[in-house]
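Close look at the chain arrangement
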Amino acid sequence: MDGFIECAKELSKMAQEAKSQINISKLKAIGLSLSGGAQADSQARIMKAFETVDPNIAEHIYICNDTQGSIFTASPHGGMVLIAGTGSNCVYITDNEKTYSCGGWGHMIGDEGSGYWISHKAIRTALNHEEGLEDAPHSIVELRKRIFDYFDLKNFDEVLDIFYTHYRKAHIAGFTKEVSDAAETDPLCAHLLYDAGLVLGKHVRALINRAYAETKEDFETVDIVLEGSVFKSWTRLKQGFIDGVRTEHLKAARLLRLKETSALGAAFLGARHANLKLTLPHENLVEVLDTLKW
């Protein structure tokens, strides 16, 4: 319970600061967009922690997961968020907040298209080629050099140390930047990023197809909020993404990056669930990375 108490203390502190800044004694509503916030058990434990820490924090409290805050910062009508940082996840939320999700299963069984996945795939591709298990589609010379330099290896046997003895997930995921830098001139690294784009596009396609299966309505377009450092390599991901996302039920997509905090979307949802009206300048809170049609 201590972790939830500490969380409630920090949230209470932020709420008190907000009330002080606008000179009010109580908040009508508060929206909390938190990792794992959609789980009923987590919501109950946070609410119980508030009873201990700050029972009067607000008249209404709405708790949701972190993806909802991003989506409703970008649009009042729902949409999609695609995350590709160290891990990956994709969530589609309708206007009435029905949720579809794909991915988010962690690096052991999922996180396809994430920084960790790209780095792992790069190392595995080089190892497979080196041992003769499976030929890489292009020369591994540049990739091999970058693996050895980044991880300070003298030979491939030392890879065991990276994954088993001194395992650092974020450090492994960070090798994706090396892959991205090399992709400008190296066809193998470019191929790895194409594959990442492909599988990320498939996340979107999976959710569109699942939504269509229930509603029997095609999508003219969908707004997709992109989050995570992998999208810094968008130009290298783009063609794979297009190939992966293609479905007869979606004709176009607008890819967005948030310019402001997703806490705005959380506040919007907090107000909505308290039957209050909060108007946000949604279009001014995002920038359009790309618009795709097929």
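Above this note sits the structure.
The structure reproduced in this document is the subject of the present report. (Residues numbered from 1 in each chain as written. Predicted model: local features only at pLDDT ≥ 70, side-chain atom pairs only at ≥ 80, totals over all residues. Heavy atoms only, no water.)

Quick look at the environment of G115
Mapped onto the secondary structure, G115 falls in helix 4 (residues 115–131). Residues G115 and K169 lie 54 residues apart in sequence; the distance between their C-alpha atoms is 9.8 Å. For G115, the residues in contact, after removing those within four places along its chain, are G85, T86, A173, T176 and V230. (Helix = DSSP H or I, 4+ residues; strand = E, 2+ residues; numbered from the N terminus. Contact = heavy atoms within 4.5 Å.)

Some thoughts on the packing of aromatic side chains
Inspection of the entire model under this criterion finds nine aromatic pairs. Ring centres of F151 and F175 lie 5.5 Å apart, and the angle between their planes is 40 degrees; this geometry places the pair in the tilted category. Note that F151 is positioned in helix 5 (residues 141–151) and F175 in the loop between helix 7 (169–173) and helix 8 (176–182), a separation of 24 residues in sequence. Judged by relative accessible area, which is 0%, F175 ranks as buried. Sitting over the ring of Y100, K98 keeps its end group 5.2 Å from the ring centre. (Phe/Tyr/Trp six-rings, centres within 6.5 Å; stacked < 30°, edge-to-face > 60°. Buried < 20%, exposed > 50% of the residue type's maximum accessible area, 1.4 Å probe, protein only. Lys NZ or Arg CZ within 6 Å of the ring centre and 35° of its normal.)

A closer look at the pattern of salt bridges
Two side chains carrying opposite charge are able to pair once their charged atoms lie near each other. The tally for this structure, following the rule as stated, stands at 17 salt bridges. Among the ionic pairs, E130 bridges to R144, the shortest N-O distance being 3.5 Å. Residue E130 is located in helix 4, and its partner R144 is located in helix 5; the two are separated by 14 residues in the primary sequence. For E130, a relative accessible area of 40% corresponds to the partly exposed category. Overall, the relative accessible area of 29% leaves R144 in the partly exposed class. (Salt bridge = Lys/Arg side-chain N within 4 Å of Asp/Glu carboxyl O.)

Here we look at the pairing of strand 1 (residues 27–34)
The element strand 1 is extensively covered by neighbouring structure, given that six of its eight residues are classed as buried. Inspection of the sheet shows strand 1 paired to strand 2 (residues 58–65) by seven bridges, in the parallel sense. From the neighbouring strand, L32 faces strand 2, where its bridge partner is I63. For the crossover that starts at strand 1, traverses helix 2 (residues 40–53) and ends in the parallel strand 2, the hand is right-handed. (Pairing = 2+ DSSP bridges. Right-handed = clockwise from strand over helix to strand, strands pointing away.)

Focus on the nonpolar core
Among the nonpolar cores identified, the biggest contains 55 residues, and M80, L82, L143, I147, V204, I224 and F241 are the most heavily contacted of them. A per-element tally of this core places helix 9 (residues 187–215) first, with 11 residues. Excluding its chain neighbours within four sequence positions, the residues that come into contact with M80 are I71, C90, V91, Y92, V204, L207, I208, V222, D223, I224 and V225. Counting 16 residues, the second largest nonpolar core, distinct from the first, contains Y62, C64, F72 and V81. (Core = buried A, V, L, I, M, F, W, Y, C linked by side-chain atoms within 4.5 Å.)

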